[in-house]
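Reading the structure
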Amino acid sequence: MLLHDDRLFPADPVTRGIARRLFAAIRDLPIISPHGHTDPRWYAENNPFPDPATLFVKPDHYIFRMLYSQGVQLEQLGIPRKDGAPVETDPRKIWQIFADHWHLFRGTPTRLWFEHAASTIFGVNERLTSENADRIYDKIAAKLEEPELRPRALFERFNIEAISTTEGALDDLKWHDMVRDSGWGGKVVTAYRPDSVVDPEFEGFAENLEKLGELTGEDIGSWTGYLAAHRQRRAYFKQRGATSSDHGHATARTANLSDAEAEKLYAKILKGKVSAKDADLFRGQMLTEMAKMSLDDGLVLQIHPGSWRNHNAALFEHFGRDMGCDIPTATNYVEALKPLLDAVGNERNLTVIAFTLDETSYSRELAPLAGHYPALKLGPGWWFLDAPEAMLRFRELTTETAGFYNTVGFNDDTRAYLSIPARHDLARRVDCAYLAKLVAEHRLEEDEAAEVAHDLAYRLAKEAYKL
Amino acid sequence: MLLHDDRLFPADPVTRGIARRLFAAIRDLPIISPHGHTDPRWYAENNPFPDPATLFVKPDHYIFRMLYSQGVQLEQLGIPRKDGAPVETDPRKIWQIFADHWHLFRGTPTRLWFEHAASTIFGVNERLTSENADRIYDKIAAKLEEPELRPRALFERFNIEAISTTEGALDDLKWHDMVRDSGWGGKVVTAYRPDSVVDPEFEGFAENLEKLGELTGEDIGSWTGYLAAHRQRRAYFKQRGATSSDHGHATARTANLSDAEAEKLYAKILKGKVSAKDADLFRGQMLTEMAKMSLDDGLVLQIHPGSWRNHNAALFEHFGRDMGCDIPTATNYVEALKPLLDAVGNERNLTVIAFTLDETSYSRELAPLAGHYPALKLGPGWWFLDAPEAMLRFRELTTETAGFYNTVGFNDDTRAYLSIPARHDLARRVDCAYLAKLVAEHRLEEDEAAEVAHDLAYRLAKEAYKL
Amino acid sequence: MLLHDDRLFPADPVTRGIARRLFAAIRDLPIISPHGHTDPRWYAENNPFPDPATLFVKPDHYIFRMLYSQGVQLEQLGIPRKDGAPVETDPRKIWQIFADHWHLFRGTPTRLWFEHAASTIFGVNERLTSENADRIYDKIAAKLEEPELRPRALFERFNIEAISTTEGALDDLKWHDMVRDSGWGGKVVTAYRPDSVVDPEFEGFAENLEKLGELTGEDIGSWTGYLAAHRQRRAYFKQRGATSSDHGHATARTANLSDAEAEKLYAKILKGKVSAKDADLFRGQMLTEMAKMSLDDGLVLQIHPGSWRNHNAALFEHFGRDMGCDIPTATNYVEALKPLLDAVGNERNLTVIAFTLDETSYSRELAPLAGHYPALKLGPGWWFLDAPEAMLRFRELTTETAGFYNTVGFNDDTRAYLSIPARHDLARRVDCAYLAKLVAEHRLEEDEAAEVAHDLAYRLAKEAYKL
């Protein structure tokens with residue numbers, strides 16, 4: 001039996017007892033997944049998932065970054081090279097490599113996510129080893145052919161009440177249309193992610209702007225036309241269920257220029273050859289513009305700052321983006337968010353959700369900011385911080401200043417569909433463990449903790465994201 | 001029963017047993033409150049406190065910042081606007097809003113402080129709810145009229161051995177004189193807080209300097225006269241019991257200019273139109289000057305750096321200072337304090353106490369500095385860090401490098417008089433919990449832990465602050 | 001009985017039981033000490049150690065920094081002054097001061113290290129006090145005269161399988177030769193520490209370069225000659241067993257200049273009067289050069305950045321280096337290491353081990369970097385972070401992202417020979433405590449934890465350092 005029913009609960013019997021009771025009452029609540037990266041095509045076409053390696057190993061940068069760090073080459077894992085040079089194509093061989101290195105994931109969330117999926121979805125209740133790799137591969141592969149393993153069936157089985165995908169501003173959202181037109185009842189919404197037409201340093205920015213103009217019929221040669229184009233695309237996304245926009249900038253920097261200054265800056269941006277400073281200023285200005293648009297259309301604004309994308313130059317050159325080499329950097333919020341907060345921070349009908357990869361900002365900056373500004377809420381542990389110890393630190397470092405109610409529940413933020421129940425299970429357990437400690441130490445009474453547990457698992461995400 | 005006798009003690013029975021024993025021996029020690037912001041007028045006039053809302057809600061920025069973050073407007077809480085526009089005046093309505101939002105404080109120290117005061121002072125032993133708000137209001141209001149609820153009676157009941165208030169350099173300290181002349185025996189001292197005449201960016205700095213000149217008869221047009229004026233005011237404060245000065249600067253920056261350079265800088269400052277850089281340099285220079293004066297007059301120097309005051313521009317405009325929107329910033333000490341430490345850091349008869357709002361400096365900078373320089377001590381968790389989890393982290397992050405004896409016990413640092421026993425109770429409990437863990441893990445023996453507990457609760461504050 | 005057999009294990013009985021079992025299986029494993037500062041002369045000459053004060057107090061900057069912080073003068077501890085002014089010479093008096101201040105070390109690792117050595121090596125099983133100081137002094141002094149207290153006998157008794165000392169690039173390594181030629185079987189290797197000929201700001205840099213030229217016969221007037229000289233010295237060190245180089249720079253900054261740029265920079269450096277910026281660039285370039293040499297000669301590259309050396313100007317002036325006043329500073333790795341990682345980070349046959357004094361980089365920077373780059377590994381808690389709470393935080397903050405297998409086991413990094421078993425004992429206990437928690441919370445199974453415990457205590461250090 002791999003999955004112990006008390007996993008992640010503190011060992012002390014009194015505290016564990018409280019955690020069990022709290023968790024029992026929320027473990028079966030529907031999943032609200034307000035931010036993530038699953039592929040809408042899955043829900044649209046409802047095709048079976050391919051083999052175990054393509055399902056578990058190849059798309060998961062948590063997995064291949066760890067294997068790579070220990071000497072496995074991406075080619076061995078079947079990751080396509082940009083130069084088209086041959087890479088491994090036999091999923092069984094890739095799976096074997098994964099199994100041979102399974103010990104590397106001890107103490108990591110990948111271990112917990114994988115074993116949860118393996119056990120609950122595929123009935124695999126033994127530890128993955130070099131020896132049983134083949135047998136487990138067969139078991140999973142066989143299961144994948146069954147109808148209840150199709151995306152929509154899993155959606156229902158996972159008890160997902162609503163899920164958001166994330167699409168670029170230029171996306172036609174055809175898969176979302178197809179889901180809607182299919183008559184299937186699953187709630188799959190999109191989110192507006194305009195980085196490619198907001199960040200002057202994004203690959204192909206100029207062409208992206210042109211496409212934005214074509215798509216919307218707005219004159220992107222002018223600042224007002226450019227803003228109108230965004231408004232139009234936001235409306236288009238909103239029609240496909242979007243309740244939020246999302247912004248992945250290198251820093252949390254915001255700006256609030258006068259119209260004249262903004263116009264001038266945009267004109268400079270249009271000409272190309274933008275300095276790093278101007279690019280940063282423009283991204284910052286656009287965050288505030290987006291917040292102002294949110295005042296009108298109600299989209300929730302998410303800021304995901306502070307990742308140094310594609311840090312490994314050679315890997316980026318040979319394999320492209322998202323190869324497990326995005327690295328967090330120190331992120332300042334107090335100065336960076338001030339222009340946006342000065343503009344809209346006191347709005348009670350706006351929700352801006354700040355995320356971080358830099359834990360040092362939790363108690364120093366983010367909790368004090370979110371514990372004061374009506375518009376600002378604190379996103380859950382993101383990326384490297386989406387693991388038990390880090391999630392516990394998130395609560396320990398933010399609750400005393402911002403409370404529970406300036407946070408917004410859990411985001412699984414994943415492209416690994418099968419890990420969604422595992423991730424929510426983990427988040428619910430960690431929150432119950434934290435609450436159980438408060439109760440055991442007489443800092444909170446158990447009936448209150450039960451209400452908070454329910455809020456963190458379900459209500460806060462639903463309300464903050466309007467899902 | 002709201003207040004459990006084991007609150008804040010670890011759940012493990014062995015550790016809890018040790019914590020209980022350690023705490024039992026120190027829970028009734030007198031309170032030394034060496035740094036805080038209670039109003040000396042209370043002790044001077046000994047008038048009754050007003051209604052529950054004015055007592056608990058309106059003056060407590062922990063409370064109204066949280067309510068504000070969740071959409072309550074300051075006007076609804078009766079906070080006066082600078083433009084004189086009407087605000088709520090019915091304390092019962094304000095109290096009701098507080099009660100309606102009581103769940104927001106789950107997991108925060110406000111919850112613990114309020115329930116301690118409610119239970120021990122007012123006999124309120126039920127949780128505040130929308131439904132019982134009125135009844136509890138009445139109970140507290142009735143109690144407030146009784147003579148044992150007067151400031152001096154509470155002082156004695158709280159078992160306060162000594163308390164320090166904080167006054168600006170230009171204060172006439174008349175309330176302290178009145179306390180002294182009253183014949184009442186309570187030890188209420190002041191502390192010298194010269195920010196308004198040391199910080200060129202302080203509102204009204206030029207006028208403040210003039211007043212300083214008038215008050216002291218010194219020629220504040222000259223650097224030597226300006227320093228002499230400080231010396232005189234420090235002596236005036238010392239006569240009213242002051243044993244410390246306190247400095248709330250934006251950064252921890254210090255400087256140690258030559259006399260000629262300092263004179264030149266002061267001349268520049270006097271002319272007005274000071275650059276941010278010069279202002280920062282001047283504040284830094286004045287910290288060192290104050291430390292040098294401390295060598296003569298023995299005042300303990302407290303540095304409270306790293307708060308971005310009045311971060312919310314609109315709130316500052318409409319309501320003024322101290323509206324719950326001061327936000328911590330990253331604070332460097334190693335470079336910042338070097339000039340001061342080079343000047344006086346090796347003095348064994350000087351005490352400089354450094355505080356921080358930036359926990360990242362605890363293990364990296366402050367513990368190593370305080371664990372080396374004879375003059376430097378580490379202040380307790382301040383402001384947002386004055387809560388159970390944060391206080392525990394303070395010990396975990398500093399003790400291994402600086403030990404217990406380079407810290408100075410607890411500061412309640414509050415303007416909320418009724419929360420003082422609660423805050424000291426909390427600090428004592430958290431320290432006992434930490435010590436109990438050391439004992440349970442055989443890193444310290446229990447008789448030693450008992451001595452340390454006593455030192456942290458009483459002796460270190462008394463000695464460091466000479467109270 | 002001072003040393004409890006369960007010390008440092010969590011109090012919860014279930015967790016403690018697991019920790020005990022894990023520890024029992026590894027407590028007697030041989031010691032691999034791959035990085036440290038013991039004196040090779042001890043092993044070469046095998047003379048008795050002197051008196052207790054000279055053994056325990058005078059060379060240990062953990063001890064004298066704490067005593068100094070509380071008003072003890074270095075002269076009282078017999079630390080020689082540069083001006084030759086008299087200092088205490090009676091070791092018994094120094095010992096008495098140490099004993100009189102023993103309470104200062106409560107909660108610090110010094111306490112644990114000393115009591116382990118006192119008990120296991122000297123049979124001292126009572127707490128040090130002012131009263132028993134003399135008696136304990138006598139007991140230790142008597143024991144020191146016995147043959148089993150000689151360095152080589154202790155080496156065997158400590159069960160040291162291999163130990164590395166650290167020598168400057170100009171060292172003749174004669175003690176290592178003497179050890180080798182002695183026929184004694186203890187494995188004592190050196191490590192190449194070229195700071196004095198790599199850092200243009202090092203005292204006597206120009207003379208050091210000249211000596212480097214003389215020693216190697218290379219033309220240090222040219223960049224290629226300078227590099228050749230390093231290569232030669234590395235080979236010389238490698239012949240004396242070196243498997244690693246070590247670099248103690250103020251920052252983690254690296255650079256990867258073109259040959260022409262590097263040559264030009266070196267020419268500038270040679271001329272003297274180097275700007276701080278150029279000095280930093282040169283140090284950074286040399287880290288990358290060293291990494292490239294490691295590709296050829298296989299030495300492991302260790303980077304120990306981020307210490308502000310000799311922060312206390314007066315102490316440095318009067319007593320010189322290493323007086324307990326080196327203070328950590330904030331250290332950035334993501335930008336700093338990029339040039340080196342771009343050059344060699346994807347090499348699977350290279351090992352670069354990064355250390356830090358800045359815990360904030362663990363989860364934000366170092367774990368994500370080490371969890372991706374094949375060449376990069378994470379060194380254990382260093383210096384102020386080499387203590388129980390800090391070591392636990394190291395695991396909590398790095399394991400979820402980098403796993404266990406991108407770390408390299410333990411370094412005692414000490415010049416205090418007698419503390420080596422204590423330090424390894426402590427590290428093994430803390431790791432077992434961490435693993436026991438994972439097992440108790442069903443995040444890892446006990447057989448896996450046992451394997452990890454063995455790896456952390458022995459195998460990872462042996463493999464990473466090729467010992």
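The preceding data block contains the structure.
Residues numbered from 1 in each chain as written. Chains lettered and ligands numbered in written order. Predicted model: local features only at pLDDT ≥ 70, side-chain atom pairs only at ≥ 80, totals over all residues. Heavy atoms only, no water.

1. Description of the pairing of strand E6 (residues 244-247) of chain B
Residue and element names in this part refer to chain B. Burial along E6 is two-sided: Ser 244 and Asp 246 and Ser 245 and His 247, pointing in opposite directions, are all buried. By the bridge criterion, four bridges tie E6 to strand E7 (residues 300-303) in an arrangement that is parallel. Looking at E7, one finds that Asp 246 is bridged to Gln 302. (Buried < 20%, exposed > 50% of the residue type's maximum accessible area, 1.4 Å probe, protein only. Helix = DSSP H or I, 4+ residues; strand = E, 2+ residues; numbered from the N terminus. Pairing = 2+ DSSP bridges.)

2. A closer look at the relation of the copies chain A and chain C
You can overlay chain A on chain C at an RMSD of 0.0 Å; the transform is a turn of 120° with a shift of 0.0 Å along its axis. Considering both components of the superposition, the chain copies are consistent with a three-fold axis. Scanning chain A for the C-alpha nearest the rotation axis identifies Asp 12 of chain A, at a separation of 3.5 Å. Of all interface residues in chain A, a mere 4% are interface residues in chain C too; the two copies therefore contact each other through different surfaces. (Least-squares fit on C-alpha atoms with pLDDT ≥ 70 in both. Contact = heavy atoms within 4.5 Å.)

3. Topic: the environment of Phe 155 of chain A
All names here are of chain A. In this fold, Phe 155 is placed in helix H8 (residues 151-157). Classification of Phe 155 by relative accessible area gives buried; the value is 2%. Taking C-alpha positions, Phe 155 is 21 Å from Arg 429, a pair spaced 274 residues apart along the chain. When residues no more than four places from it in sequence are discounted, the contact partners of Phe 155 are Tyr 43, Ile 160, Ile 163, Trp 184, Gly 186, Lys 187, Val 188 and Tyr 417.

4. Brief notes about the interface of chain C and chain B
The interface of chain C with chain B comprises 51 residues on the first partner and 44 residues on the second. Carbon and sulfur atoms make up 51% of the area that chain C and chain B hide from each other, which totals about 3900 Å². Together, Arg 106, His 311 and Glu 389 of chain C form the three largest contributors to the area buried by chain C at its contact with chain B, with a combined 18%. Among the salt bridges present, the one from Glu 451 of chain B reaches Arg 106 of chain C, with a minimum N-O distance of 3.3 Å. The tally of links from chain C across to chain B stands at 30 residue pairs in polar contact (both at pLDDT 80 or more). Elements with a minimum of two residues in the side of chain C that touches chain B: helix H1 (13-24), helix H4 (61-69), helix H6 (109-122), helix H15 (313-319), strand E9 (327-328) and helix H18 (388-402) of chain C. When grouped by side-chain class, the residues that make up the side of chain C that touches chain B number 26 nonpolar, 13 polar and 12 charged. (Buried area = accessible area lost by both parts, 1.4 Å probe. Salt bridge = Lys/Arg side-chain N within 4 Å of Asp/Glu carboxyl O. Polar contact = N/O pair within 3.5 Å; in protein donor to acceptor, adjacent residues only side chain to side chain. Nonpolar A, V, L, I, M, F, W, Y, C, P; charged D, E, K, R; others polar.)

5. Regarding unusual backbone geometry
Residues and elements named next belong to chain A. Even without being a glycine, Leu 8 presents a positive backbone phi close to 75°. By relative accessible area, which is 6% here, Leu 8 ends up buried. Despite not being glycine, His 442 has its phi angle at roughly 60°, a positive value. Of note, His 442 is situated in the loop between helix H19 (420-440) and helix H20 (446-464). With relative accessibility at 24%, the residue His 442 sits in the partly exposed group.

6. Re the side chain of Thr 190 of chain C
Residues and elements named next belong to chain C. By the element assignment, Thr 190 lies in the loop between strand E4 (188-189) and strand E5 (192-193). There is a polar contact of 2.6 Å between the side chain of Thr 190 and the side chain of Glu 167. In this structure Thr 190 touches Ser 164, Thr 165, Glu 167, Leu 173, His 176, Phe 237, Arg 240, Gly 241, Ala 242 and Thr 243, once residues within four positions along its chain are discounted.

7. Some remarks on helix H14 (residues 276-297) of chain B
Here H14 of chain B spans 31 Å end to end across 22 residues, near enough to the 32 Å set by a 1.5 Å rise per residue. Once H14 of chain B ends, the next one or two residues include Gly 298 of chain B, with phi positive near 80°. (Expected span 1.5 Å × (residues − 1).)

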